[in-house]
Amino acid sequence: MGEQSRLEQIRSNLAVVREDIAAAARKADRDPSEVTLIAVTKTYPASDVRILAELGVLDVGENRDQEAAPKAEATAGLGLRWHFIGQLQTNKAGSVAAYADFVHSVDRARLVSALSKSALRYDKELTCLVQVDLGNAEPVEANTARGGALPHEVLPLAEAIAGAPGLTLGGLMAVAPLGEDPGRAFARLGELATSLRSAHPSATMISAGMSGDLAEAVAAGATHVRIGSAILGIRP
Ligand SMILES: *Cc1c(COP(=O)(O)O)cnc(C)c1O
């Protein structure tokens, strides 16, 4: 195996991902600039976050507060925007609000009040997305337990965010359910996003798409894709 610096490795992976996003956008008759790439840096060190910043990727995502907090601290001053994308315990809201600019995983009202209180304490405006549980097309007993509000809970939760001091309603986020064509699942997300926008026109974010399904997500209207392994490598 040839010796390749981490910088070169990430640079070339990033070029492939950017091209995949651009190709998916063109195919869907969309402008590639409508899609923001969030690099998901979980399990990878702060040095990789610095490399990403050097390569122009300033949106970074993490799913665990214990890992994200020290990484955000170690890379302070680089102008990064931190996206919290994991299941969030209410008692961690204060810690996350200290460094996060976006919380994609708001799935219950108690979390809204906790984040609001924390945003006010830090005197910042935190953009929150409602995470939707896309479940399955057909109702099934055992859900995939990937978190998220049920579709009928989305609008009330969005109202709560929109009305909470310190919080801005960004839009919706989802992870494709296992065992279903992601295109179909993301189409349901797109419909929910359309009805959300009719009540909240500025809530335009659709956070969907990971390394394995970014093309389907972009085709369904994703404005933010969350890409980890395709940029940084397969996590152990
Ligand atoms: C890890 C993670 C991602 C990135 O997944 P990859 O398959 O590595 O691209 C995206 N979204 C969430 C919520 C994640 O936890």
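Rules used throughout
Starting afresh in each chain, residues are numbered from 1 along the sequence in its written order. Restriction of local features to residues with pLDDT of at least 70 applies here, the model being predicted, together with a cutoff of 80 or more for giving and counting side-chain atom pairs; totals for whole chains, interfaces and linings are based on all residues. By convention in this description, side-chain values take in all heavy atoms of the structure and omit both hydrogens and water. UniProt positions are given in the numbering used here, feature names are shortened, and annotations may be inferred rather than shown by experiment. The numbering of helices and of strands both runs from the N terminus, where a helix is a DSSP run of H or I of at least 4 residues and a strand a run of E of at least 2. Two things to know: the radius of gyration comes from C-alpha atoms, and the globule rule equals 2.2 Å times the number of residues to the power 0.38. With a 1.4 Å probe rolled over the protein chains alone, any residue whose accessible area is under 20% of its type maximum counts as buried; one over 50% counts as exposed, and the rest are partly exposed. We call two residues contacting when some pair of their heavy atoms lies within 4.5 Å. In short, DSSP must find at least two bridges between two strands for them to pair. Any residue with a heavy atom lying within 4 Å of a molecule or strand is counted as near it. Identification of polar contacts relies on pairs of N or O atoms within 3.5 Å, with a donor-acceptor requirement for protein atoms, meaning one able to donate a hydrogen and the other able to accept it, and with residues adjacent in sequence counted only if both atoms are side-chain atoms. For the area figures, the Shrake-Rupley method with a 1.4 Å probe applies, and any residue is considered shielded solely by the protein chains shown. Under the grouping applied here, Gly and all other residues not named as nonpolar or charged are polar, the nonpolar ones being Ala, Val, Leu, Ile, Met, Phe, Trp, Tyr, Cys and Pro and the charged ones Asp, Glu, Lys and Arg. Interaxial angles span 0 to 180 degrees and are taken between N-to-C directions of axes, which are lines fitted to C-alpha atoms, for helices over the stretch in contact. Orientation labels follow simple angle bins: below 35 degrees gives roughly parallel, above 145 gives roughly antiparallel, 65 to 115 gives roughly perpendicular, and whatever is left gives oblique. Whether a crossing is left-handed or right-handed is set by the direction in which the near helix is turned from the far one by less than a right angle, anticlockwise for left-handed and clockwise for right-handed. Salt bridge, as used here: a side-chain nitrogen of Lys or Arg that lies within 4 Å of a carboxyl oxygen of Asp or Glu. Seen with its strands pointing away from the viewer, a crossover is right-handed if its path from the first strand over the helix to the second goes clockwise.

An unreviewed UniProt entry annotates the protein as Pyridoxal phosphate homeostasis protein of Catenulispora yoronensis. What UniProt records for the protein under Sequence similarities (unreviewed entry) is the sentence "Belongs to the pyridoxal phosphate-binding protein YggS/PROSC family."

*Asks:* Run through the overall build of the protein, naming residues and quoting values.
*Replies:* Regarding its fold elements, the protein presents 9 helices and 8 strands. Against the compact-globule benchmark of 18 Å for 236 residues, the protein has a radius of gyration of 17 Å, which places it among compact chains. Looking at the protein residue by residue over its 236 residues, the buried ones come to 51%. Across the protein, every contact between residues at least 6 apart in sequence was considered, and the portion connecting residues at least 24 apart equals 60%.

*Asks:* Run through the pairing of strand S8 (residues 224–227), naming residues and quoting values.
*Replies:* Side-chain alternation along S8 places His224 and Arg226 on one buried face and Val225 and Ile227 on a second face that is also buried. Sheet analysis places strand S1 (residues 36–40) next to S8, joined by 4 bridges and oriented parallel. Across the sheet, the residue bridging to leucine 37 is valine 225, located in S8.

*Asks:* Explain the site of the ligand to me, using residue names and the numbers behind them.
*Replies:* Around the ligand, the neighbouring residues are Val40, Lys42, Asn63, Ile85, Met173, Met210, Ser211, Arg226, Ile227, Gly228, Ser229 and Arg235. At 2.7 Å, a side-chain N or O of lysine 42 approaches an oxygen atom of the ligand. Look at the ligand: alone it shows 390 Å² of surface, and the protein chains cover 88% of it. Classifying every residue of the shell around the ligand by side-chain character gives 5 nonpolar, 4 polar and 3 charged.

*Asks:* Tell me what's going on with helix H2 (residues 46–54), and back it up with residues and numbers.
*Replies:* For H2, every residue scored as buried is listed here: Ala46, Asp48, Val49, Ile51, Leu52 and Ala53. Buried residues belonging to H2 abut helix H1 (6–27), S1, strand S2 (59–62), helix H3 (65–74), strand S3 (81–84) and helix H9 (229–232).

*Asks:* Give me the packing of H1 against H2: which residues, what numbers.
*Replies:* What describes two packed helices is the angle between their axes and the distance between those same axes. Packing of H1 against H2 leaves a shortest axis separation of 10 Å and a crossing angle of 55 degrees. In terms of orientation, H1 lies oblique with respect to H2. In this structure, H1 meets H2 at a crossing whose hand is right-handed. Residues Arg6, Leu7 and Ile10 of H1 pack against Asp48, Ile51, Leu52 and Glu54 of H2. A per-class count over the contact of H1 with H2 returns 4 nonpolar, no polar and 3 charged.

*Asks:* Outline the UniProt feature "modified residue: N6-(pyridoxal phosphate)lysine" (unreviewed entry) in the protein, listing residues and values.
*Replies:* As recorded in UniProt, the sites labelled "modified residue: N6-(pyridoxal phosphate)lysine" (unreviewed entry) are Lys42. Topologically, lysine 42 is positioned in the loop between S1 and H2. Look at lysine 42 and you get buried, because its relative accessible area is 18%. Leaving out residues up to four positions away in the same chain, lysine 42 has contacts with Gly61, Glu62, Asn63, Glu67, Lys71 and Arg235.

*Asks:* Please give an account of the pattern of salt bridges that cites residues and values.
*Replies:* Within this structure, the stated rule accounts for 11 salt bridges. The salt bridge involving glutamate 62 is made with lysine 71; its shortest N-O contact spans 2.7 Å. Exposure class is identical for glutamate 62 and lysine 71. Each is buried.

*Asks:* Can you tell me about unusual backbone geometry, naming the residues and giving the values?
*Replies:* Residue threonine 43 is not a glycine yet carries a positive backbone phi of 70 degrees. Looking at where threonine 43 falls in the secondary structure, it is placed in the loop between S1 and H2. For threonine 43, a relative accessible area of 47% gives the class partly exposed. Positive phi, close to 55 degrees, is recorded for aspartate 123, a residue that is not glycine. By the secondary structure assignment, aspartate 123 is in the loop between helix H5 (109–121) and strand S5 (126–132).

*Asks:* I'd like a rundown of the pairing of S1, residues and numbers included.
*Replies:* Within S1, 4 of the 5 residues are buried, leaving the element largely enclosed by the surrounding structure. Two strands pair when backbone bridges link them, and S1 and S2 are joined in this way by 2 bridges, in the parallel orientation. Across the sheet, residue alanine 39 finds its bridge partner in S2, namely valine 60. With H2 bridging S1 and the parallel S2, this β-α-β connection has right-handed handedness.

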